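Each chain, written out:
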Amino acid sequence: MNIEIEVNGQIIKARKGEMLLDALKTNGIHVPTLCHLEGFKPSGACRICVVEAEGRQDLIPACSFPAEEWMKIRTHSSRVIKARRTILELLLSCHTGGCLYCDRNQTCELQLLASELNVGEHRFSAGRKRKKMDTTSQAVQRDPSKCVLCGRCVRVCEEVEEVAALDFLRRGSRTEVGTVLDKGLNYSSCVNCGQCILVCPSGALQDKSNVEPAIQALQDPKNYAVAIIDPALKISLSEQFGYRAGQEFTSLLATALRRIGFKKVYSSAWGNEFETGLLVTGFQKKLDEKHEGPLFTATCPSFVRYLQQNRQDLLPSLISVRPGRQIMTHLLKTMLSAQNNLPASGIHVFYLTACTAAKGELHTTDRMIHPSFYPDIVLTTREVYKLIRLFGMQIDKLNPEYHEDLFGTDVRSGYLHAQSGGSLEAAIRILQARKPGLVIQADKLARLKGSKEVKECSFALDGDSIHVAAISGLSQFESWMKESRSKKKQTHLVEVMACPYGCINGGGQPVGVSDRNLKVRSKAVAEMDELYSGVEPRGSVIVPFDFQWGENDLNVEYAGRSIIR
Amino acid sequence: MTSARMDDQLRSDLRELLLHDNPATDPALRQRIRTLRRERVIKTTVFIDTTTPTSIYPIGKIREAVAGWSEASGIAVEVIDTGSLGLISATPVIGIQIPGRARVYYGPVESADIDGLMNAIHKQVVPEENLLGQLVLSSQQSWEGIPFLEKHPFFVNQVRHVMKLSGIIDPCSVAEFVGWGGYRAFAKSIHFYTDKELLGLIEKSGLRGRSGSGFPAVRKWIATASAVGDKRYVLCNADESDPGGYMHRILIESNPHLVLEGVMLASYIIGASQAIIYTRSRYRVSVARLQCAINQARAVGLIGQDILGSGYTLDIQLRRGPGAFVCGEETALIASLEGKRGMPRTKPPYPATQGLFGKPTLVHNVETLAQVPLIIENGPEWYRSTGTEGSSGTKLFSLSGKIRRLGVVEVAFGTPVRDIVEKAGGGIPDGRTIKTVLLGGPSGKFLPPEKLDLPIEFDRFRKENFDMGSGSMVILDDTCCPVSLMKNMIDFIHQESCGKCIPCRDGSLRIREILEMVTSKPAEDKSHAALDRFKGITRVAELAHVMQDTSLCGLGKTAPNPLISGFELFRTELEEHVFERTCRAAVCQNLRTFSVDPVACNGCNICYLKCPESAIIGAARQVHYIVDHLCTGCGKCFEVCKFNAILVS
């Protein structure tokens, strides 16, 4: 139902019960916000969005006050502007303020807000205490002295991931966002998904920077630097350079990386396809063993970590094959060292990804046992951007080159891994290739595409009905588990990704991205898949040279891989 | 009788009493009631006040003295733990009742007094020393020539409705409460009245929330009762924690069953099947007595399934919070009960529609709920006969600060503040003059002495732009420094703020820092200190207004109240602090300077020995000298000097 409200003397239309902020936004009136997060319940914590409403003594927060009929609102009266500015000044008085040395310099929402509200003077200058940084985690790094206590990370961690590794500690002006017992992230239930980094308005949450080690490793003449590029990174890197979202950067990126000093540049799609082949084999094997309950894919490192920490009962249901990135790293290290007469440690593999949890994965006991399966350095999208800029690459002036072909052919389904539902679709394709009789209608497969959090589809295999589901977001996973248990629904294979939308919205992606951009990225994945539509999926992945996988190399019991705290 | 076990005879007796139309007409029941009320006692009975304020006194020694006397004299004595009469400054209070005679109250009493008192009363003589008065219940013989308790200056101006039984009954005895007519309103309601009728009674009574804003209770009740939900809750906020406010605790510790009955009635009226009383674990006496009251009510059958055969089911639970000031805010209280961090959320939606676990919830404080049984029992007309047109009934206040008689007073609405301060409170001691009254603790405002005749009334207070607060009343005389007090209040807020919204969290911190600068030691001023101080003080008012305008919950919105009213009222004193760097009342430690009067000093050397900073030089039998830059202004020398030789300025 539409109602009318008066804003700054103009009459605008709003839906009844809609929050004022949304109504104002649809009508083109901008009200600054700080703690507001689209798609979440408003918290009303920062009070930056206050507006003046006639008949009320105090100012009301636009983000959490529903529109009522014939409200008279002033969004930019002098009282409002003064209040907003004072609040921001108060906030800045507790902020460390070292902008030039901050990771988020120029992408910081606090900076933007300060310039928008025309803050000119340090009026409340007082004891700014530097607080200790939390560098315990291998993936996410916290700097509490930059924290503005907006609570976005707390909400995301609890509502999207259901991990609740971050929460408020203490009270009054000693309030802080922190972890359990204030012990540091690696001690907490954090799964390294990095979603908190994406929502942080200031530089309080960052991924653990590997840029400096990367430069050193690149410039060390003893190293043979190799890059493996994750498809999810290729489609989002363009946004960092100011190009339209979703534009594929594969070839330009390959050129830039070669100029920087990488000897070889590969796409991880091949590894992903290899992994899917193993997944299908494992799945069929477990089906034959009549495994009870749903089986889970182990592609997402955050999900695996979540199971290890919170749901150990589900670990036997994990189809624990090595993820594509590890398969490729192992292959490259072995292959290139043989080809170049180098020791395996001389091959320095850089994994360029959208995933922060891949950084955390380097800190497992499994790496000590099987070092060749792990890349030496993991760089996120943001870091790759920094690296390219640091080396002075002008991306628009480069000649596009293509990345190295692995074994002469390219693969198709490997690209789909970037998106939630993608690896399932790839698995079904491989299944079809292995079982020529298996026909699945296109509309059924299409149910695995799209931006929904839970996507399900079913098909018939050898007379049995197989039900598969793709879930993104760990809270969705938990609620889906609850629902499927209560409804006694039988599902055979479940793909879970910790980040909503999958890797295209991974924790290492550029910050401050709207829902629209994510849809564009998702479309770009489909386009990339379409580009290779001529390539037939193969029933099995063949390594076309003399290469021996060690015994049990590809099948790893995840339960045995503990995390180094 | 603390356990839930209760003998069947007593249970059926109480049930009979509760369900009887008019027990006063039945002679047998009348006798029973007299026994239950302890009008008739068989043994000598001693009533000892054991509420929280007595915890600093050796109550155990008094108990021993009574037992010792009983043994020595061979007269059996029953000792009953009671609540408080409200007169805290007379603590510890004891009441002595011998069979057939009226009860006499004494306070303050020491264990050494017990023998004399007991001996005298058993010789039918009532000593006058420390006597508060005699309490005559209907069938008792009064003591001649002994003042009545209700004529005591502390009580004479009070209208005691909710505090009627405080200090008189055993708070841990449901039988005594029922004997005094308790739970009859509830028993009557669930059998003979519908919720609509009762809601009508509440509406007619004009009951308003006692938490400060005076919001009409019935509007909240109707909203909760008509909200959509499969379950409803009633929450009783017993987490009172204003500095200077203790009336709810005294009420709970003295008469927990009255609060419980209020909760039951409210639950029945809005159709709640579960009620929760939220208190904090540190309030040990409150927790013990509430828990005991709940257990007893359950044993009688007033809580549980099918209460007294009426078909109504209610469960009441006691929950103990960890202790945070902000958890008195209703949404924070709800969050705390849900097991979350006690932080308020934005309203709307109000708890009436979406409260505990998303269900419609009615939240009231102890005092408001305690009014409900009185309204139902005596009717709205009786209730309206006390108080004023807009604010009916009575209001509890807790007096503290520079006043002769401290305690909890209950006055009818319309009573001027002066009456409370000067009559019940007995005025300011030591011949000092009153400076101001701080109403409502850290979120209240200063009432100037010329406005003391303002009657206690919600609408009148609002018109004069004052806040009544929840009822804490701190009286300040001219030895108090308002700047130091304001600093104290904002310091409390800055510690107790939940940390969610910026204006409250950081605003209170900055204001505190500015006031800290104003009261800093002049000798330690750094280069820009004076400039910072001037700049800061010009910004306090602005900060305070922003806090009022934009804070998320009531805590932040009302936190600057003492500042705003204090800056207006004590402008000269504030300016003295800022410009002249002196504190008129010599309270601010950093602004005090001490010097030695060379004429009065006889060189006793005590100040030299006691000075913790070694800031005093001098030798025996010689005039001493205080070194300014070493002196921290602690005032130790002033305290120890027996010859008034230390001068303060």
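The model shown is predicted, which means the values in this text are computed figures rather than measured ones.

Reading the values: the criteria
- Residues numbered from 1 in each chain as written.
- Chains lettered and ligands numbered in written order.
- Predicted model: local features only at pLDDT ≥ 70, side-chain atom pairs only at ≥ 80, totals over all residues.
- Helix = DSSP H or I, 4+ residues; strand = E, 2+ residues; numbered from the N terminus.
- Rg over C-alpha atoms; globule rule 2.2 N^0.38 Å.
- Buried ≥ 20, exposed ≤ 12 C-beta atoms within 10 Å, placed from the backbone.
- Contact = placed C-beta atoms within 7 Å.
- Pairing = 2+ DSSP bridges.
- Axes fitted to C-alpha atoms, helices over the stretch in contact; angles between N-to-C directions.
- Domains from an automatic or database assignment.
- Nonpolar A, V, L, I, M, F, W, Y, C, P; charged D, E, K, R; others polar.
- Core = buried A, V, L, I, M, F, W, Y, C linked by C-beta atoms within 7 Å.
- Parallel < 35°, antiparallel > 145°, perpendicular 65-115°, else oblique.
- Left-handed = near helix turned anticlockwise from the far one by under 90°.
- pLDDT = per-residue confidence, 0-100.

A. Representation of the overall build of chain A within the structure. Along its length, chain A carries 18 helices and 18 strands. In terms of overall dimensions, chain A is globule-like: its C-alpha atoms have a radius of gyration of 25 Å, near the 24 Å expected for 565 residues. Along the longest, intermediate and shortest principal axes, the C-alpha atoms of chain A span 80 × 60 × 50 Å.

B. Up close: the overall build of chain B. Helix and strand content of chain B: 25 helices and 18 strands. Whereas a compact globule of 649 residues would reach a radius of gyration of roughly 26 Å, chain B reaches 27 Å, a difference of no more than 12%. Viewed in the frame of its principal axes, chain B has a C-alpha envelope of about 80 × 65 × 40 Å. Taken over 649 residues, chain B has a buried fraction of 51%. By sequence separation, contacts in chain B at least 24 residues apart represent 70% of the contacts at least 6 residues apart.

C. Spotlight on unusual backbone geometry. Cis peptide bonds are those with omega within 30 degrees of zero, and the linkage from B:Thr91 to B:Pro92 qualifies with -5°. Across the junction of B:Gly107 and B:Pro108, the peptide omega takes the value -10°, indicating a cis bond. Looking at where B:Pro108 falls in the secondary structure, it is placed in the loop between strand E4 (103-106) and helix H4 (114-122). Its identity as a non-glycine residue notwithstanding, A:Asn341 has a phi of 55°, on the positive side. By secondary structure assignment, the location of A:Asn341 is in the loop between helix H11 (324-340) and strand E14 (347-353). Here the phi dihedral of B:Arg581 falls at roughly 55°; this positive angle occurs in a residue that is not glycine. Position of B:Arg581 among the secondary structure elements: in the loop between helix H23 (571-580) and strand E15 (594-596). In this structure B:Arg581 comes out as buried when scored by C-beta crowding, with 20 C-beta atoms within 10 Å.

D. Broad picture of the sheet that holds strand E6 (residues 233-237) of chain B. Residue and element names in this part refer to chain B. If you walk across this open sheet you meet the four strands as E8-E7-E6-E9, and the pairing is parallel. Both outer strands of the open sheet, strand E8 (315-321) and strand E9 (361-365), are each paired with one neighbouring strand and no more. In this sheet, neighbouring strand axes are inclined to one another by 20° on average, regardless of whether the strands run parallel or antiparallel. With five bridges joining them, E6 and strand E7 (residues 274-280) adopt parallel strand pairing. In the sheet register, Tyr233 faces E7, and the bridge partner there is Gln274. Sheet strands touched by helix H12 (residues 284-300): E7 and E8. Its angle to E8, the strand with the most contacts, is close to 165°.

E. Spotlight on the domain arrangement of chain B. Residues and elements named next belong to chain B. Taken domain by domain, chain B holds domain 1 (37-156), domain 2 (174-371), domain 3 (394-477), domain 4 (482-580) and domain 5 (592-648). Distance between the C-alpha centres of domain 1 and domain 2: 33 Å. Each partner contributes to the interface: domain 1 provides seven residues, whereas domain 2 provides nine residues. Grouping the constituent residues of the side of domain 1 that touches domain 2 by class yields no nonpolar, five polar and two charged.

F. Main features of the environment of B:Phe47. All names here are of chain B. Position of Phe47 among the secondary structure elements: in strand E1 (residues 44-49). A tally of 25 C-beta atoms within 10 Å means that Phe47 is categorised as buried. Along the chain, Phe47 and Gly145 lie 98 residues apart, while their C-alpha atoms are 22 Å from each other. In contact with Phe47, not counting residues within four places along its chain, are Ile80, Thr82, Ile94 and Gly95.

G. Examining the domain arrangement of chain A more closely. Residue and element names in this part refer to chain A. Each domain of chain A was delimited in the assignment, giving domain 1 (2-76), domain 2 (92-207) and domain 3 (212-559). Here the C-alpha centre of domain 2 lies 27 Å away from the C-alpha centre of domain 1. Across the contact, nine residues belong to domain 1 and twelve residues belong to domain 2. Here the residues of the side of domain 1 that touches domain 2 are counted per class, giving eight nonpolar, one polar and no charged.

H. Representation of the nonpolar core within the structure. Residue and element names in this part refer to chain B. Counting residues in hydrophobic clusters, the biggest one holds 330 residues, and the most contacted among them are Cys236 and Val263. Of the residues forming this core, the biggest block, ten residues, is contributed by helix H11 (residues 256-270). Once residues within four sequence positions are removed from consideration, Val263 is found in contact with Val234, Cys236, Ala275, Ile277, Ile316 and Leu369. Formed by twelve residues, the second largest nonpolar core is a distinct cluster that contains Val596, Ala615, Ile626 and Cys641.

I. Just the interface of chain B and chain A, in detail. Facing the 29 residues of chain B at the interface are 28 residues of chain A. Only helix H18 (482-496), helix H19 (502-518) and helix H20 (529-550) of chain B provide two or more residues apiece to the side of chain B that touches chain A. Looking at the side of chain B that touches chain A, the element that brings in the most residues is H19(B), giving eight residues. Here the side of chain B that touches chain A is built from residues that sort into ten nonpolar, eight polar and eleven charged.

J. Layout of the packing of helix H7 (residues 231-240) of chain A against helix H18 (residues 515-531) of chain A. Residue and element names in this part refer to chain A. Packing of H7 against H18 leaves a shortest axis separation of 10 Å and a crossing angle of 130°. Taken together, the axes of H7 and H18 lie oblique to each other. Judged by the twist between their axes, the crossing of H7 over H18 is right-handed. Contacts between H7 and H18 involve Pro231, Ile235, Ser236 and Glu239 on the former and, on the latter, Asn517, Arg521, Ala524, Val525 and Met528. Among the residues making up the contact of H7 with H18, the classes are represented as five nonpolar, two polar and two charged.

K. Here's a closer look at helix H22 (residues 561-569) of chain B. Of all the residues in H22(B), the buried ones are B:Asn561, B:Pro562, B:Leu563, B:Ser565 and B:Gly566. In this fold, the buried residues of H22(B) make contact with strand E12 (434-439), strand E13 (445-447), H18, H19, H20 and helix H21 (554-558) of chain B.

L. Structural context of the pairing of strand E18 (residues 493-497) of chain A. Residue and element names in this part refer to chain A. Taking burial as the measure, the five residues of E18 include five buried ones, the bulk of the element. On E18, burial covers both faces: Leu493, Glu495 and Met497 on one face and Val494 and Val496 on the other are all buried. Here two bridges tie strand E12 (residues 295-297) to E18, and the two strands are oriented parallel to one another. Looking at the pairing, Leu295 lines up with Leu493 of E18. Here five bridges tie strand E17 (residues 464-472) to E18, and the two strands are oriented parallel to one another.

M. Focus on the confidence of the model for chain A. Model confidence for chain A is summarised by a mean pLDDT of 86, while 92% of its residues fall at 70 or above. When mean pLDDT is compared element by element in chain A, strand E15 (residues 377-380) of chain A scores highest at 95, while helix H16 (residues 442-446) of chain A scores lowest at 81.

N. Region of interest: the confidence of the model for chain B. Summary statistics for chain B give a mean pLDDT of 91 and a share of 99% for residues scoring 70 or more. As a predicted assembly, this complex carries a pTM of 0.90 together with an ipTM value of 0.88.

O. The arrangement of the sheet that holds strand E13 (residues 318-319) of chain A in detail. An order of E13-E12-E18-E17-E16 (chain A) is seen for the five strands of this open sheet, with the pairing classed as mixed. Of all the strands in the sheet, just E13 and strand E16 (454-461) of chain A have a single pairing partner and so form its edges.

P. Looking closely at the packing of helix H9 (residues 269-288) of chain A against H11(A). Residue and element names in this part refer to chain A. Where H9 meets H11, the axes come as close as 7 Å, and the angle between the chain directions of the two elements is 115°. In terms of their interaxial angle, H9 and H11 are classed as roughly perpendicular. Once H9 is placed against H11, the crossing between them reads as right-handed. Here Trp270, Gly271, Asn272, Phe274 and Glu275 of H9 lie close against H11, whose contacting residues are Gly324, Arg325, Ile327 and Met328. Looking at side-chain class alone, the contact of H9 with H11 contains four nonpolar, three polar and two charged residues.

Q. A look at the environment of B:Asn602. Structurally, B:Asn602 can be placed in the loop between E15 and helix H24 (606-610). Linking B:Asn602 and B:Gln622, residues 20 residues apart in sequence, is a C-alpha distance of 6.6 Å.

R. Molecular detail of the environment of A:Ala256. All names here are of chain A. Within the secondary structure, Ala256 is located in helix H8 (residues 250-260). You can call Ala256 buried: it has 22 C-beta atoms within 10 Å. Those residues within four positions of Ala256 in sequence are excluded, and the remaining contacts are Ile388, Met393, Ile395 and Leu398.

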